[in-house]
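# Survey of secondary and tertiary structure
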Amino acid sequence: MKAIIYEKYGSSDVLQYKEVQKPTPKENEVLVRVKTASVNAADWRMMKADPFLVRFYAGLFKPKKFSILGADVAGIVEAVGQNVTKFRPGVEVFGDVFASGFGAFAEYKCGKEDEFVLKPSNISFDDIVALPLAGMTALHSLRDFGKIEAGQKVLINGASGGVGTFAIQLAKYFGADVTAVCSTSKIGQAISLGADQVIDYTKENFIQNGKKYDLIVGVNGYRSLSEYKSALNPKGRYVMAGGGSAQLFQALLLGPFISLRGTQKIIAASSEPNQKDLIFLSQLMESGKIKSVIDKRYKLEEVPQAIQYVEQGHAAGKVIITVS
């Protein structure tokens with residue numbers, strides 16, 4: 001099969017379009033013929049080993065745990081292991097294959113049965129493959145770490161990318177008053193997704209406008225913890241769902257200390273893929289309560305360009321890879 005592989009850390013130049021061995025499903029695995037995949041920040045972070053902690057997961061000096069990136073996958077079941085009971089060849093599925101070592105940027109992907117769910121018949125492969133990692137990150141940041149409640153004032157900083165576009169919609173689904181922070185060109189998109197207010201960060205600094213929020217989700221906004229704290233209500237929460245290495249270490253090292261000393265909470269979110277939440281999100285999409293926002297589409301051999309584009313941080317929604 002054709003796949004995009006990488007054998008060392010670095011820029012998108014390390015990615016190679018090659019012929020590799022087609023995988024065979026184990027007892028509890030499903031072999032999926034990949035129709036579409038999507039690009040996430042996790043892909044370029046793994047590719048570059050940024051932050052350095054990635055190396056303790058993927059390999060200290062070079063990637064050893066896996067060689068094919070891509071966490072979001074959608075396709076058609078080609079074969080199943082002997083212990084698989086939920087799927088049969090020919091059904092359409094999608095999932096987050098982060099736990100089984102990525103691997104979506106290929107013509108075939110083997111994953112565990114519990115990594116996949118059935119694709120709704122009224123949703124395209126492009127739209128559904130945008131959902132898993134970004135949708136789960138948004139859901140867990142708001143519901144599990146943010147403890148979102150109806151009527152709260154919620155600010156999404158970095159509201160125009162994959163996670164941000166789902167976060168706006170999910171925050172509205174949970175009944176919040178939502179403020180989206182994005183650039184001038186993305187204002188219309190944020191409003192169309194349900195944002196009650198939009199702040200153009202090129203013209204206004206939400207830290208300095210005097211407004212306070214019950215929950216702030218930082219997707220890719222490069223702000224310090226002290227700045228976020230100043231924009232929170234006394235019992236507010238800041239949830240870091242993305243950002244730079246400095247922010248990550250601040251949230252991990254200082255967040256627990258700040259949270260213990262005061263009434264405000266500083267939390268670094270994490271997202272664990274699971275079937276229950278994937279089904280929940282797909283049902284919301286199937287019923288029209290949330291939708292995917294797709295910026296660009298690339299072919300499998302164009303994955304290096306796609307990852308480079310996402311790394312620049314200006315994507316308006318998700319970037320899709322058309323595989324077959």
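Residues numbered from 1 in each chain as written. Predicted model: local features only at pLDDT ≥ 70, side-chain atom pairs only at ≥ 80, totals over all residues. Heavy atoms only, no water.

A few words now on the overall build of the chain. A tally of regular secondary structure across the chain gives eleven helices and 15 strands. Considered along the principal axes of its C-alpha atoms, the chain spans approximately 55 × 45 × 35 Å. A total of 324 residues make up the chain; the buried ones form 54% of that total. In the chain, of all internal contacts separated by at least 6 residues, the share reaching a separation of at least 24 is 67%. For the chain, the accessible area works out to roughly 14000 Å², and carbon and sulfur atoms hold 52% of it. In the chain, 39 side chains carry a positive charge and 32 a negative one; their mean positions are 4 Å apart. (Helix = DSSP H or I, 4+ residues; strand = E, 2+ residues; numbered from the N terminus. Buried < 20%, exposed > 50% of the residue type's maximum accessible area, 1.4 Å probe, protein only. Contact = heavy atoms within 4.5 Å. Areas by Shrake-Rupley, 256 points an atom, 1.4 Å probe, with all protein chains shown as cover. Lys, Arg positive; Asp, Glu negative; His and termini not counted. Charge placed at Lys NZ, Arg CZ, Asp CG, Glu CD.)

A side chain of one charge can pair with a side chain of the opposite charge if their charged atoms are brought near each other. This model, assessed by the stated rule, comprises ten salt bridges. Here lysine 48 ties to glutamate 311 by a salt bridge, and the two come within 2.7 Å at their closest N and O atoms. A residue pair is termed long-range when its members are at least 10 positions apart, and lysine 48 in helix H1 (residues 41-48) and glutamate 311 in helix H11 (residues 303-311) qualify at 263 residues. You can call glutamate 311 partly exposed: its relative accessible area is 27%. In this structure, arginine 297 and aspartate 126 form a salt bridge, with 2.6 Å as the shortest nitrogen-oxygen distance. With arginine 297 in strand S14 (residues 294-299) and aspartate 126 in helix H3 (residues 125-129), this pair connects stretches of sequence that are 171 residues apart. By relative accessible area, which is 17% here, aspartate 126 ends up buried. Shared partners join several salt bridges into a network, and the residues in it are Lys22, Arg33 and Glu78. (Salt bridge = Lys/Arg side-chain N within 4 Å of Asp/Glu carboxyl O.)

A separate point is the pairing of strand S15 (residues 318-322). Burial within S15 is extensive, with four of its five residues counted as buried. Looking at chain direction, strand S3 (residues 29-39) and S15 are connected through four bridges and run antiparallel. Counterpart to alanine 37 in the pairing with S15 is isoleucine 321. Direction of pairing for S14 relative to S15: parallel, over a ladder of five bridges. Bridging from a neighbouring strand, lysine 299 pairs with threonine 322 of S15. In this fold, S14 hands off to H11, which returns the chain to S15; that crossover is right-handed. (Pairing = 2+ DSSP bridges. Right-handed = clockwise from strand over helix to strand, strands pointing away.)

Below, the discussion takes up the packing of helix H4 (residues 132-145) against helix H5 (residues 162-173). With their axes 8 Å apart at the nearest point, H4 and H5 run at an angle of 50° to one another. In terms of orientation, H4 lies oblique with respect to H5. For the pair H4 and H5, the sense of crossing is right-handed. Together, Ala134, Gly135, Thr137, Ala138, Leu139 and Leu142 of H4 and Gly162, Val163, Phe166, Ala167, Leu170 and Ala171 of H5 make up the contact between the two elements. A class-by-class count of the residues in the contact of H4 with H5 yields nine nonpolar, three polar and no charged. (Axes fitted to C-alpha atoms, helices over the stretch in contact; angles between N-to-C directions. Parallel < 35°, antiparallel > 145°, perpendicular 65-115°, else oblique. Left-handed = near helix turned anticlockwise from the far one by under 90°. Nonpolar A, V, L, I, M, F, W, Y, C, P; charged D, E, K, R; others polar.)

In terms of domains, the chain is made up of domain 1 (2-131 + 274-322) and domain 2 (146-268). Domain 1 and domain 2 are separated by 27 Å when their C-alpha centres are compared. Of the residues lining the interface, 21 residues belong to domain 1; the matching set on domain 2 comes to 17 residues. When domain 1 packs against domain 2, close to 1400 Å² is buried across both sides, 66% of that on carbon and sulfur atoms. Run the count over domain 1 and domain 2 and you get zero salt bridges. Top contributing element to the side of domain 1 that touches domain 2 by residue count: helix H10 (residues 275-286), with four residues. Of the residues that constitute the side of domain 1 that touches domain 2, the class distribution is twelve nonpolar, four polar and five charged. (Domains from an automatic or database assignment. Buried area = accessible area lost by both parts, 1.4 Å probe.)

Strand pairing within a sheet occurs via backbone hydrogen bonds; the two strands may be parallel or antiparallel. Pairing is parallel in the open sheet, where six strands are placed in the order S10-S9-S8-S11-S12-S13. The open sheet has two edge strands with one neighbour each: strand S10 (197-200) and strand S13 (265-268). Across the sheet, the axes of successive neighbouring strands diverge by a mean angle of 15°, strand direction being ignored. In this sheet, S10 lies alongside strand S9 (residues 177-182) in parallel orientation, the contact comprising four bridges. Pairing of valine 181 across the sheet is with isoleucine 199, part of S10.

What follows deals with the packing of aromatic side chains. The tally for this structure, following the rule as stated, stands at six aromatic pairs. Residues tyrosine 173 and phenylalanine 174 carry aromatic rings whose centres are separated by 5.3 Å and whose planes lie at 70° to one another, so their mutual orientation is edge-to-face. Counting every residue linked through ring pairs, the aromatic cluster contains Tyr173, Phe174 and Phe280. Above the plane of the ring of tyrosine 17 lies lysine 2, whose end atom (NZ or CZ) is 5.6 Å from the centre. Sitting over the ring of tyrosine 108, lysine 22 keeps its end group 4.2 Å from the ring centre. (Phe/Tyr/Trp six-rings, centres within 6.5 Å; stacked < 30°, edge-to-face > 60°. Lys NZ or Arg CZ within 6 Å of the ring centre and 35° of its normal.)

Here we come to the environment of lysine 299. In this fold, lysine 299 is placed in strand S14. C-alpha of lysine 299 to C-alpha of phenylalanine 105: the two residues are 194 residues apart in sequence and 10.0 Å apart in space. Sequence-distant contacts of lysine 299, that is, excluding residues within four places in its chain, are made with Ile321 and Thr322.

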